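Listed below, chain by chain, are the residues.
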Amino acid sequence: MGNNIAENEYWYTTYSSDSYLKTDYSTADLIKKIGGDVVNLLLAKNQAYGDTANHPPHIFSKLTAKEGILARIDDKLSRIKKLGFENPDKTEDTLKDLIGYLILLKVQLTTEENKIKKIIIDSKPKIK
């Protein structure tokens, strides 16, 4: 993936599609296609819901962002456990959601780690 928005949009558009029926895709191609689909799903939901996964509105739930994401991961795993993988039509969206929540968890953990690093850096005496 590129370092600028135009390159990333090209990458996601190029590798994101539901056309997995071709049999000659390499593993690398499928990783790009499926990864692109999950990223597009995350970006669309993030835009539609206003980044509530990593910045929860705390209307009813008082869970932290990390706790809320972990609860959603539990829900998705519970659904997969209940439905199994015998009927992909019933678990495909849940599987994409689970992968998405794992990415959101990584984003949240990285954000929290960066905040801690900033506090540590800011608390060190400045050498002039």
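A short note on a nonpolar patch on the surface
- Together, Ile 99, Ile 103 and Val 107 line one region of the surface with nonpolar side chains, adding up to about 200 Å² of accessible area.
- Counting through the fold element by element, Val 107 comes out in helix H4 (residues 88-123).
- The class for Val 107 is partly exposed, based on a relative accessible area of 39%.

Regarding the nonpolar core
- In this structure, Val 38, Leu 42, Ala 53, Ile 69, Ile 73, Ile 80, Leu 98, Tyr 101, Leu 104 and Leu 105 together form the largest nonpolar core, which totals 10 residues.
- At the level of elements, helix H2 (27-49), helix H3 (65-83) and H4 are the ones that each hand at least two residues to this core.
- For this core, the leading source of residues is H4, giving four residues.
- Setting aside residues up to four positions removed in sequence, Ile 69 forms contacts with Ala 53, Asn 54, Tyr 101, Leu 104, Leu 105 and Gln 108.

Here we look at unusual backbone geometry
- One non-glycine residue, Asp 51, lies in positive phi territory at about 60°.
- Note that Asp 51 resides in the loop between H2 and H3.
- Residue classification places Asp 51 among the partly exposed positions, given a relative accessible area of 23%.

About the thresholds
- Note on numbering: residues in each chain are counted from 1, in written sequence order.
- The predicted nature of this model means local features are confined to residues of pLDDT at least 70 and side-chain atom pairs, given and counted, to a pLDDT of 80 or more, with totals for whole chains, interfaces and linings taken over all residues.
- Think of the side-chain values as coming from all heavy atoms in the structure, minus any hydrogens and water.
- Patch membership needs two things, relative accessible area over 30% and no salt bridge, and members are linked within 9 Å if like-charged or within 5 Å if nonpolar (Val, Leu, Ile, Met, Phe, Trp, Tyr).
- All accessible-area figures derive from a Shrake-Rupley calculation using a 1.4 Å probe, and residue coverage is judged against the displayed protein chains alone.
- Criterion for a salt bridge: a side-chain nitrogen of Lys or Arg within 4 Å of a carboxyl oxygen of Asp or Glu.
- The secondary structure listing takes helices from DSSP runs of H or I that are at least 4 residues long and strands from runs of E that are at least 2 residues long, numbered from the N terminus.
- Accessible area is worked out with a 1.4 Å probe on protein chains only. A residue is then buried under 20% of its type maximum, exposed over 50%, and partly exposed in between.
- Among buried residues, the Ala, Val, Leu, Ile, Met, Phe, Trp, Tyr and Cys ones that are joined through side-chain atoms within 4.5 Å form a nonpolar core.
- For this analysis, residues touch if any pair of their heavy atoms sits within 4.5 Å.

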